[in-house]
Amino acid sequence: DGGITQSPKYLFRKEGQNVTLSCEQNLNHDAMYWYRQDPGQGLRLIYYSQIVNDFQKGDIAEGYSVSREKKESFPLTVTSAQKNPTAFYLCASSIAQGTGYTFGSGTRLTVV
Amino acid sequence: DAKTTQPTSMDCAEGRAANLPCNHSTISGNEYVYWYRQIHSQGPQYIIHGLKNNETNEMASLIITEDRKSSTLILPHATLRDTAVYYCIALTNNAGNMLTFGGGTRLMVKP
């Protein structure tokens, strides 16, 4: 079945460490996105990518980095510069920007 | 993209229809109305979308007013598993546009 996979589901890291969240899709979608969600809040866009080797900052990109070396993969690195990294992270993909998104099941990151 | 306004929360009895309203009074002619829902600790799930005609699929019906300033998502026979946050989003199908999630409506289906 086609879909979008995020791993791991839960992640614990010590403060000051960088951590990379995985996002893989086999839907042949061109566009991919990373969102952050805090408890009781909506989703906020971190980064997005329309095509391979291209990505753009979203509303809250500071302290995060991404790469898009393959169409199927869009990993997100939460760096030590992110002041409050504990959150629920969601990856999504779409055929093209503006069309319906397919979301992964999310990664819950806890920094202690 | 047009701003949307939804009630913060709603209750619905199990087996009854859940009608979730959304106001989008500044919607432009080429903006679609999308509905997603998010069950606790999961990724959002696409439900339905429409431009101006009413739409129906296996999950729900979408009723858009003639002036397109508001819409209603209808879950015809709500079950406990429909308890979730429902997001109404106005979006053009053009490159460069992002799906932006507001607070949504927290629907609680009660036995």
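Residues numbered from 1 in each chain as written. Chains lettered and ligands numbered in written order. Predicted model: local features only at pLDDT ≥ 70, side-chain atom pairs only at ≥ 80, totals over all residues. Heavy atoms only, no water.

A. Structural detail: the overall build of chain B. Of regular secondary structure, chain B possesses 0 helices and 9 strands. Its C-alpha radius of gyration of 13 Å places chain B within 12% of the 13 Å reference for a compact globule of 111 residues. Each principal axis of the C-alpha distribution contributes one length, and for chain B these read about 40 × 30 × 25 Å. The 111 residues of chain B split such that 42% are buried. Summarising the internal contacts of chain B: among those between residues at least 6 apart in sequence, 57% fall at separations of at least 24. Accessible surface computed for chain B: about 5700 Å², of which carbon and sulfur atoms make up 49%. Positive and negative side-chain charges of chain B, numbering 9 and 9 respectively, have mean locations separated by a distance of 5 Å. (Helix = DSSP H or I, 4+ residues; strand = E, 2+ residues; numbered from the N terminus. Rg over C-alpha atoms; globule rule 2.2 N^0.38 Å. Buried < 20%, exposed > 50% of the residue type's maximum accessible area, 1.4 Å probe, protein only. Contact = heavy atoms within 4.5 Å. Areas by Shrake-Rupley, 256 points an atom, 1.4 Å probe, with all protein chains shown as cover. Lys, Arg positive; Asp, Glu negative; His and termini not counted. Charge placed at Lys NZ, Arg CZ, Asp CG, Glu CD.)

B. Inspection of the state of the cysteines at higher detail. With the rule as written, the count across this model stands at 2 disulfides over all chains. Between cysteine 23 of chain A and cysteine 91 of chain A runs a disulfide, and the two sulfur atoms are separated by 1.9 Å. Its torsion about the S-S bond being -75°, the disulfide of cysteine 23 of chain A and cysteine 91 of chain A is classed as left-handed. Taken together, the residues cysteine 23 of chain A in strand E3 (residues 19-25) and cysteine 91 of chain A in strand E9 (residues 87-94) connect sequence positions 68 residues apart. Taken as a pair, cysteine 23 of chain A and cysteine 91 of chain A share a single burial class, namely buried. Here cysteine 22 of chain B connects covalently by a disulfide to cysteine 88 of chain B, the sulfurs 2.1 Å from one another. Its torsion about the S-S bond being -80°, the disulfide of cysteine 22 of chain B and cysteine 88 of chain B is classed as left-handed. Placement of cysteine 22 of chain B in strand E2 (residues 18-23) and of cysteine 88 of chain B in strand E8 (residues 84-92) is noted, with a sequence separation of 66 residues between them. (Disulfide = S-S within 2.5 Å.)

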